[in-house]
Amino acid sequence: MTQYFPDFRPRRTRSQDWSRRLVREKTLTRDDLILSLIVHDGEDAPQPIPSMPGISRHSLKGAVEQAKIAADLGIPMISVFPHINPAKKDELGTEAFNPDGLIPQFIAEVKAKVPNIGVMCDVALDTYTSHGHDGLIDETGYMLNDETTEALVKQALAQAEAGVDVVGPSDMCDGRIGAIRQALEENDFINTKIMAYAAKYASGFYGPYRDAVGSKGALKGDKKTYQMDPLNSDEALIEVAMDIEEGADMLLVKPGLPYIDVLRRIKDEFKMPTFAFQVSGEYAMLEAAIANGWLDGERVRMEALQCFKRAGADGIITYWAIEAAKRLGA
Ligand code: PBG
């Protein structure tokens, strides 16, 4: 198919607003948004996160209110992360399986008070361990695979018992999707969905999040022995194939924009529901430039989300979901 000027002028369809709308290939709607929400176990006041201007940690009560605002705006799901008191952290991350812990409490409250929104929770121990790793480590600091998987199964079951809709294992251990799926099936949680952090990279873009959940100072070493190398994308296809085989319902690529090519490859190859996580560092980067007057916030915030749709994402986890939903309208 060759299209020669001047018979073909791509600018024709760009020349008016109505024709631009008519030929638009993708749309971003409220249904594409997943609100990323951080809940703290302290008193009622929201705690602003300095490296994420505009974003706060919310108390249990405040986070439920945020979930209600999101639901009223038509946002289909929230993804929740805990900030727990450092006194509750230990080497084994045992607070992660406390059935009366912050996250199970939050799940139960949202499910009771805001029935029309899905609740997804992170499955990983980093917010619960004194060393800040996503699982159990040996004396050299290496994260153990099978022992971690066992702990994650317990964490996922604690969440399922509290009524979680979607578990999101974000640890990158081998075989954990299969183990979690099997445990869910055995315990009759047949409709609990798994969104596998299938391609999660060892990325510097998580910096502000580690501040936000209080795991930054704690982290010893890095996460390169479990999270993926930023230069690999063939490997992402193998990770995804394994997660699908093991029982994942939905796939996630993380970070988002810097790894958008990976998202496209995954969507093209597997045709599964595939999501992007616009992570804390992406948020911070945009907001810092906007605050300096270097970028026009009204344009770039939406553009960044639209790019995910163009690349094939079915939805986006973002800290900016409420603001985006307001701009998108019903
Ligand atoms: C932990 C986890 C991380 C994020 C979500 N879950 C950080 C990490 O892996 O170190 C990052 C989220 C963000 O940066 O917004 N398993």
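Quick caveat, the model's predicted, so the values are computed rather than measured.

1. Topic: the nonpolar core
One recurring pattern in soluble globular proteins is that nonpolar side chains are buried together.
Turning to step 1, where the next piece is worked out: Judged by nonpolar contacts, the single largest core of 100 residues is most densely connected at Ile 78, Ile 180, Met 195 and Ile 266.
Turning to step 2, where the next piece is worked out: Looking at this core element by element, the count peaks at seven residues for helix 4 (residues 145-162).
Turning to step 3, where the next piece is worked out: The contacts of Met 195, once residues within four sequence positions are left out, are Ile 34, Met 77, Met 120, Val 166, Val 167, Gly 168, Pro 169, Met 250, Leu 251, Leu 252, Phe 275 and Ile 317.

2. Quick word on the pairing of strand 4 (residues 77-83)
Turning to step 1, where the next piece is worked out: Judged by how many residues are buried, strand 4 sits mostly within the fold: seven of seven residues are covered.
Turning to step 2, where the next piece is worked out: Here strand 4 shows no split at all, with Met 77, Ser 79, Phe 81 and His 83 on one side and Ile 78, Val 80 and Pro 82 on the other all buried.
Turning to step 3, where the next piece is worked out: Across four bridges, the pairing between strand 4 and strand 5 (residues 118-123) is parallel. Bridging across to strand 5, Met 77 finds its partner in Gly 118.

3. Some points on the environment of Lys 220
Turning to step 1, where the next piece is worked out: The residue Lys 220 is located in the loop between helix 6 (207-212) and helix 7 (234-246) in this model.
Turning to step 2, where the next piece is worked out: Residues Lys 220 and Thr 318, 98 residues apart in the sequence, show an inter-C-alpha distance of 27 Å.
Turning to step 3, where the next piece is worked out: Beyond its immediate stretch of four places on either side in the chain, Lys 220 contacts His 131 and His 133.

4. Details of the pattern of salt bridges
Turning to step 1, where the next piece is worked out: Taken as a whole and assessed by the stated rule, the structure comprises 20 salt bridges.
Turning to step 2, where the next piece is worked out: Note that Arg 21 is salt-bridged to Asp 17, the shortest N-O span being 3.0 Å. Taken together, the residues Arg 21 and Asp 17, both in helix 1 (residues 17-23) and four residues apart, mark about one turn of the helix.
Turning to step 3, where the next piece is worked out: Asp 17 gets classed as partly exposed once you look at its relative accessible area, which sits at 41%.
Turning to step 4, where the next piece is worked out: Linking Lys 61 and Asp 44 is a salt bridge whose minimum nitrogen-to-oxygen distance equals 3.9 Å. Taken together, the residues Lys 61 in helix 2 (residues 60-72) and Asp 44 in the loop between strand 1 (33-40) and strand 2 (47-48) connect sequence positions 17 residues apart.
Turning to step 5, where the next piece is worked out: Taking the relative accessible area as the measure of exposure, Lys 61 reaches 51% and is therefore exposed.
Turning to step 6, where the next piece is worked out: What makes Asp 44 partly exposed here is its relative accessible area of 49%.
Turning to step 7, where the next piece is worked out: What emerges from the salt-bridge pattern is a single network uniting Glu 298, Glu 323, Lys 326 and Arg 327.

Scoring rules and cut-offs
- Residues numbered from 1 in each chain as written.
- Predicted model: local features only at pLDDT ≥ 70, side-chain atom pairs only at ≥ 80, totals over all residues.
- Heavy atoms only, no water.
- Core = buried A, V, L, I, M, F, W, Y, C linked by side-chain atoms within 4.5 Å.
- Buried < 20%, exposed > 50% of the residue type's maximum accessible area, 1.4 Å probe, protein only.
- Helix = DSSP H or I, 4+ residues; strand = E, 2+ residues; numbered from the N terminus.
- Contact = heavy atoms within 4.5 Å.
- Pairing = 2+ DSSP bridges.
- Salt bridge = Lys/Arg side-chain N within 4 Å of Asp/Glu carboxyl O.

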